[in-house]
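Observations on the model geometry
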Amino acid sequence: MTPHPLPPLGLNPSSTAQGTTPGSFANRPAISPGALGAKTFSSPDTPGIPAVSDKTAWDFLPGDWFSEEVPAATANGAVGKAFDPARGSVVFAQGDGTLRRVTYPTGFTPITQLEHARLGIITPQMARVAERESHLSAAQVRDEVAAGRMVIPANLTHLSYRLDPMAIGRASKTKVNANMGASPVSSSTDEEVEKLRWAEKWGADTVMDLSTGGDLNATRDAIIRASTVPIGTVPIYSMIIGRKIEDLTPAMIIETLEHQARQGVDYFTIHAGVLKEHLHFIRKRLIGIVSRGGSLLAKWMITHDAQNPMYTHWEAICDVMRRHDVTFSIGDGLRPGGLADATDAAQLAELYTLGELTERAWRKGVQVMVEGPGHVPFDQIEYNMKLQRTVCHGAPFYVLGPLVTDIFPGYDHITSCIGATAAAYHGAAMLCYVTPKEHLGLPKKDDVKQGCIAYKIAAHAADVALGIPGARDRDDELTKARAALNWQKHFELSFDPDTARAYHDEDLDVDTDFCAMCGHDWCSVRISKEIAEFASGKEADYQRGKAKVTAALSAEQREILEKRGVLSPAEIHRLASKTKTAVGADHDKAACHSDYVDADEAQRIQETRVPLAQVGE
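In what follows, the accompanying structure is described. Values in this document were obtained by computation on a predicted structure and should not be read as measured data.

1. So, the pattern of salt bridges
On inspection of all chains with the given rule, the structure shows 41 salt bridges. Residue D205 is joined to K456 by a salt bridge in which the shortest nitrogen-to-oxygen separation is 3.8 Å. Separated by 251 residues along the polypeptide, D205 in the loop between α5 (189-201) and β7 (206-209) and K456 in helix α15 (residues 445-466) bring together distant segments of the chain. Residue classification places K456 among the partly exposed residues on the basis of a relative accessible area of 22%. A salt bridge links K276 to D305; the nearest nitrogen and oxygen atoms lie 2.9 Å apart.

Right under this line is the structure:
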């Protein structure tokens, strides 16, 4: 035992508290309908960090609504009665057992998920979210939506297609968004639909169509109809196709939003927080405005000497979005584009405006998430995440990265997922992926895969650290497979089995009781498994048989090794087309069949192989 006491513990991210670790060092969750719920699955605050807001979306109801928590004795038998538009009030039990009375105009009919939640209604979408977030009940999902801390982006039209409802919020698991889109010089509708399917395969929870070229309307429609995940857009891109930004009018803004909402877009990025009075803060920035929407609107304001039309006409925009239940992703048009401009006056001034816009959208019954910065030094990430929690009253924070260094073009999926892990641990609800092509060009298929995987790592690491129940279960199962030296189970439990198997077979294409990293004599896992006093490696369901020659590489695995450029073509061909003679298989079995051999034979087979090619051959 250490003489230093452990810090207060949160929940154990293992459902059954497997292993010997004491559990999460995060805060114990406070799943509550009130303001305290903002600390659900949260990191301990560093001294000097802004406090949690004492307000929620309940404090920003329409002017003719009223809500209060009431004691059971005053409910007068109203609890449990179904919502009735003619009654004018409803009393319902919240997830923590407290009662809430809500008074609304007679004849009111809810449309958005937020409005349903405010009336105590658990929608089919909320029930589906609870199925997918097994640590939450449907009532807790409803309460988080009602408090404004969770959104369910589910356009009414998209729900009629293939959309599988999901949630974004700090009480739910951390989500990942993948960007895609055709440009004037690259891609087509078919390619974008293929990118969508690829992003879904590699774990994207939402996808943003950022197309600026080609047939934007047809591409958007095809993506929405094909997707099972929510689709977001930045509508200003479509607003200026074929015209100058200076010619943009309020009527064009509303017309474009209405059209995309009818198509089924689930969330819009609207850069309404960039105000005319903020622009002087940009003058000394090293890189100015890096948001496309932010820069376009800045030019509009300077040309017209007028306020941002997205800000001025916010309530009209809210009306469009409410009719179709489109969720706001309020854009950060003044986000920093380099470490030198992070947490500056422009960024913070805009953030306070985003808080105001959040309040105004909630009063209109529209769901809201808020977008956050892209380049932030590691030491400033917690402050940025928790300042937003204060200013925007816990509305879900959706951040790009952030990138924690600027000097690694080509590797920015790594520089940013480091920041993304910290951002999610400190409060971000969704992470916008960054690919290796960031700052360099449009991502190709493999770039999308690399970006998605980097961000699934960041999101999952944060969920484990936050102590979300069950977040570590799969990790524990893989650990047991690894301890048992059960290679096949090891790969099956991995996020990307093809890559794991290909890398293993590159050095040692026999599944035996050691790996090529240590070899037989030095394998600590094998030695631990053989020590009678240890439980390691003895899990009954993970025991494996004798050493086993692996199957031939699949097409996907062969492609992985070819891209690595480490093995010679001849060696890759041997692994991809193992013949009976090459693997010593029985003559009545197929060339790719995995045969059992004993450990000595496994070593002999490996030693008689063609020597592995060296890097550079």
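2. A short note on the nonpolar core
As a rule of thumb, nonpolar side chains are buried together in soluble globular proteins. In this structure, I236, I270, M310, W314, F328, L431 and Y455 are the most contacted members of the largest nonpolar core, which totals 102 residues. Broken down by element, the residue count for this core peaks at eight residues, all from α15. Once you skip the residues sitting within four places of it in the chain, L431 turns out to touch T174, K175, V176, N177, Y398, V399, G401, A420, A424, Y455, A458 and A459. Within the second largest apolar cluster, 23 residues are counted, among which are W58, L119, M126 and M150.

3. A word on helix α8 (residues 250-263)
Between its terminal C-alpha atoms α8 stretches 20 Å, which fits the 20 Å expected from 14 residues at 1.5 Å a residue. Listed as buried for α8 are I253, T256, L257, E258, Q260, A261 and Q263. Once α8 finishes, G264 follows within two positions and takes phi at roughly 120 degrees, a positive value.

4. Some points on the state of the cysteines
For the structure on display, the rule yields zero disulfides. Distance from the sulfur of C523, which forms no disulfide, to the nearest cysteine sulfur (C518) is 5.6 Å.

5. Quick notes on the packing of α5 against helix α6 (residues 216-226)
A packed helix pair is summarised by two numbers, namely the angle formed by the two axes and the spacing between the axes. As a packed pair, α5 and α6 sit with axes 9 Å apart at the nearest point and diverge in direction by 30 degrees. On the basis of their axis angle, the class for α5 and α6 is roughly parallel. Here α5 runs over α6; the crossing is right-handed. Residues T189, E192, V193 and L196 of α5 form the contact with α6, whose participating residues are A218, T219, A222, I223 and A226.

6. Some words on the sheet that holds strand β9 (residues 267-270)
Judged by pairing direction, the barrel is parallel, and its eight strands sit side by side in the order β6-β7-β8-β9-β10-β11-β12-β13 before closing back on the first. With strand direction ignored, the average angle separating the axes of adjacent strands in the sheet is 25 degrees. Direction of pairing for strand β6 (residues 175-180) relative to strand β13 (residues 430-432): parallel, over a ladder of three bridges. Its bridge partner being in β13, V176 is matched across the sheet by L431. Sitting on the sheet, helix α12 (residues 345-363) touches β10 (327-330) and β11 (368-372), and the angle it makes with β11 is about 165 degrees.

How each quantity is defined
- In this numbering scheme, every chain counts its residues from 1 along its sequence in written order.
- Only residues with pLDDT of 70 or above have their local features reported here, since the model is predicted, and side-chain atom pairs are shown and tallied only from 80 upward, although totals for entire chains, interfaces and linings are computed over all residues.
- Think of the side-chain values as coming from all heavy atoms in the structure, minus any hydrogens and water.
- Salt bridge, as used here: a side-chain nitrogen of Lys or Arg that lies within 4 Å of a carboxyl oxygen of Asp or Glu.
- Secondary structure counts use DSSP, requiring at least four H or I residues in a row for a helix and at least two E residues in a row for a strand, with both numbered from the N terminus.
- Here the term buried applies to any residue with accessible area under 20% of the maximum for its type, exposed to any over 50%, and partly exposed to those in between, with areas from a 1.4 Å probe on protein chains only.
- Only buried residues count toward a nonpolar core, which is a set of Ala, Val, Leu, Ile, Met, Phe, Trp, Tyr and Cys residues joined through side-chain atoms within 4.5 Å.
- Residue contacts follow a heavy-atom distance rule, with two residues in contact if any of their heavy atoms lie within 4.5 Å.
- To estimate the expected span of a helix, subtract one from its residue number and multiply by 1.5 Å.
- Disulfide: a pair of cysteine sulfur atoms within 2.5 Å of each other.
- Throughout, an axis means a line fitted to C-alpha atoms (over the contacting stretch in the case of helices), and angles, computed between N-to-C directions, take values from 0 to 180 degrees.
- Oblique is the label for any angle not under 35 degrees, not over 145, and not in the 65 to 115 range, which are roughly parallel, roughly antiparallel and roughly perpendicular in turn.
- Crossing handedness: left-handed means the near helix sits turned counterclockwise from the far one by under a right angle, and right-handed means the same turn made clockwise.
- Two strands form a pair only when DSSP identifies at least two bridges running between them.

Nothing here speaks to function; it is all geometry.
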